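Chains, contacts and geometry: an overview
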Amino acid sequence: MLTLICPTYNRHQFLYRNCRFWDGQNGVTVLYADGSEIPVNPEYINATNVGYFHDISTYRQRLLALLDKVQTPYVCIMNDDEFFIPSALHSCAAFLESNQDYVACMGRGISFSRSNGKVVFDNVYPLLQGRELSSELPINRLKDHFSAYVPAHYYAVTRTDQYKRSMRRALECDMDVYAIFELIEEFLVVSSGKSCVLPEL
């Protein structure tokens, strides 16, 4: 039902750890596009639900190549240092299955870091809590979203056809502006349909 796509670069230890996490997770396919000069050791990438592609092209080109490989109804992008809880991903996909006028759905996130020798966690993007863009009018959804912006769609479980259209359009932009892909993709997804954030980690 769901494919996770992950462009990665020169972070083999993160990639190995991430791959071990997803090994054998039912209902989820994970595709990595590694732009590192040296490919990973294939012994570490041997899960049946994981695909690894060594491609030293640009981030944009690797992301486009990953999009071409997605065959599932839903897709979600992730970074190599992130862990998505499988049950929450399944909840997002199930929500979209039951709500055809919604195009994207995600859960909440926490971050982990070290402080004074201890591991601490923090609520990431508190504005995600209870966020729902359910107006029938695209302009209202856009106003609601960008008046209190938080990246609620770039890393959301999204209908694959919509994600491919919006991401390909975003990647056509050739401006040297930080996070421009994210902003354009957010704009296009919000324009195309409703979205929500579930109360799940």
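Scroll up to find the structure.
Heads up: these notes are all about the structure in this document. Predicted model only: the values in this text are computed from it and were never measured. (Residues numbered from 1 in each chain as written. Predicted model: local features only at pLDDT ≥ 70, side-chain atom pairs only at ≥ 80, totals over all residues. Heavy atoms only, no water.)

Looking now at the overall build of the chain. From N to C terminus, the chain includes six helices and ten strands. Against the globule reference of 17 Å for 201 residues, the chain gives a C-alpha radius of gyration of 17 Å, in line with a compact fold. Seen through its C-alpha atoms, the chain measures out along the principal axes to roughly 50 × 40 × 35 Å. Looking at the 201 residues of the chain, the share that counts as buried comes to 44%. Excluding contacts between residues fewer than 6 apart, the proportion of contacts in the chain whose partners are at least 24 apart in sequence is 70%. When the accessible area of the chain is evaluated, it comes to approximately 10600 Å², of which 54% is carbon and sulfur surface. Within the chain, one finds 18 positive and 23 negative side-chain charges whose respective centroids are separated by 2 Å. (Helix = DSSP H or I, 4+ residues; strand = E, 2+ residues; numbered from the N terminus. Rg over C-alpha atoms; globule rule 2.2 N^0.38 Å. Buried < 20%, exposed > 50% of the residue type's maximum accessible area, 1.4 Å probe, protein only. Contact = heavy atoms within 4.5 Å. Areas by Shrake-Rupley, 256 points an atom, 1.4 Å probe, with all protein chains shown as cover. Lys, Arg positive; Asp, Glu negative; His and termini not counted. Charge placed at Lys NZ, Arg CZ, Asp CG, Glu CD.)

On to the nonpolar core, then. Core analysis: the biggest nonpolar cluster contains 27 residues, and Leu-2, Leu-4, Trp-22, Val-30, Tyr-32, Met-78 and Val-157 have the highest contact counts within it. Counting only elements with at least two residues in this core, the list comes to strand 1 (2-8), helix 1 (12-22), strand 2 (28-34), strand 4 (74-77), helix 3 (86-98) and strand 5 (102-106). Counting residues in hydrophobic clusters, the runner-up holds 16 residues, among them Ile-5, Tyr-163, Leu-171 and Cys-173. (Core = buried A, V, L, I, M, F, W, Y, C linked by side-chain atoms within 4.5 Å.)

Turning to its location among the elements, Arg-159 is positioned in strand 9 (residues 157-159). Buried charge Arg-159 goes without a salt bridge, the closest partner of opposite sign being Glu-97 at 5.2 Å. A distance of 3.0 Å separates the side chain of Arg-159 from the backbone oxygen of Asn-99, its partner in a polar contact. In this view, Arg-159 contacts Pro-73, Tyr-74, Leu-96, Asn-99, Gln-100, Tyr-102 and Val-103; residues no more than four positions away in its chain are not counted. (Salt bridge = Lys/Arg side-chain N within 4 Å of Asp/Glu carboxyl O. Polar contact = N/O pair within 3.5 Å; in protein donor to acceptor, adjacent residues only side chain to side chain.)

For the pair helix 4 (residues 138-147) and helix 6 (residues 180-192), interaxial distance at closest approach is 8 Å and the crossing angle is 140°. Put simply, helix 4 runs oblique to helix 6. For the element pair helix 4 and helix 6, the recorded crossing hand is right-handed. When helix 4 is examined against helix 6, the residues Pro-138, Arg-141, Leu-142, His-145 and Phe-146 are found in contact with a partner set consisting of Leu-183, Glu-186, Phe-187, Val-190, Ser-191 and Ser-192. The residue inventory of the contact of helix 4 with helix 6, partitioned by class, reads six nonpolar, three polar and two charged. (Axes fitted to C-alpha atoms, helices over the stretch in contact; angles between N-to-C directions. Parallel < 35°, antiparallel > 145°, perpendicular 65-115°, else oblique. Left-handed = near helix turned anticlockwise from the far one by under 90°. Nonpolar A, V, L, I, M, F, W, Y, C, P; charged D, E, K, R; others polar.)

Strand order in the open sheet formed by eight strands is 3-2-1-4-9-5-10-8, with mixed pairing between adjacent strands. The sheet is open, and its two borders are formed by strand 3 (50-54) and strand 8 (132-133), each paired with just one other strand. For strand 1 and strand 2, the ladder comprises seven bridges, and the chain directions are parallel. Note on strand 2: the bridge partner recorded for Ile-5 is Leu-31. Sheet contacts for helix 3: strand 1, strand 2, strand 4, strand 5, strand 9 and strand 10 (194-197); angle to strand 5, the most-contacted strand, approximately 160°. (Pairing = 2+ DSSP bridges.)

Further remarks concern the environment of Gly-109. Position of Gly-109 relative to the elements: it lies in strand 6 (residues 109-115). We classify Gly-109 as partly exposed; its relative accessible area is 24%. Taking the C-alpha atoms as reference, Gly-109 lies 9.8 Å from Gln-129; in sequence the two are 20 residues apart. Residues in contact with Gly-109, not counting those within four places in the same chain, are Asp-122, Asn-123, Val-124 and Leu-201.

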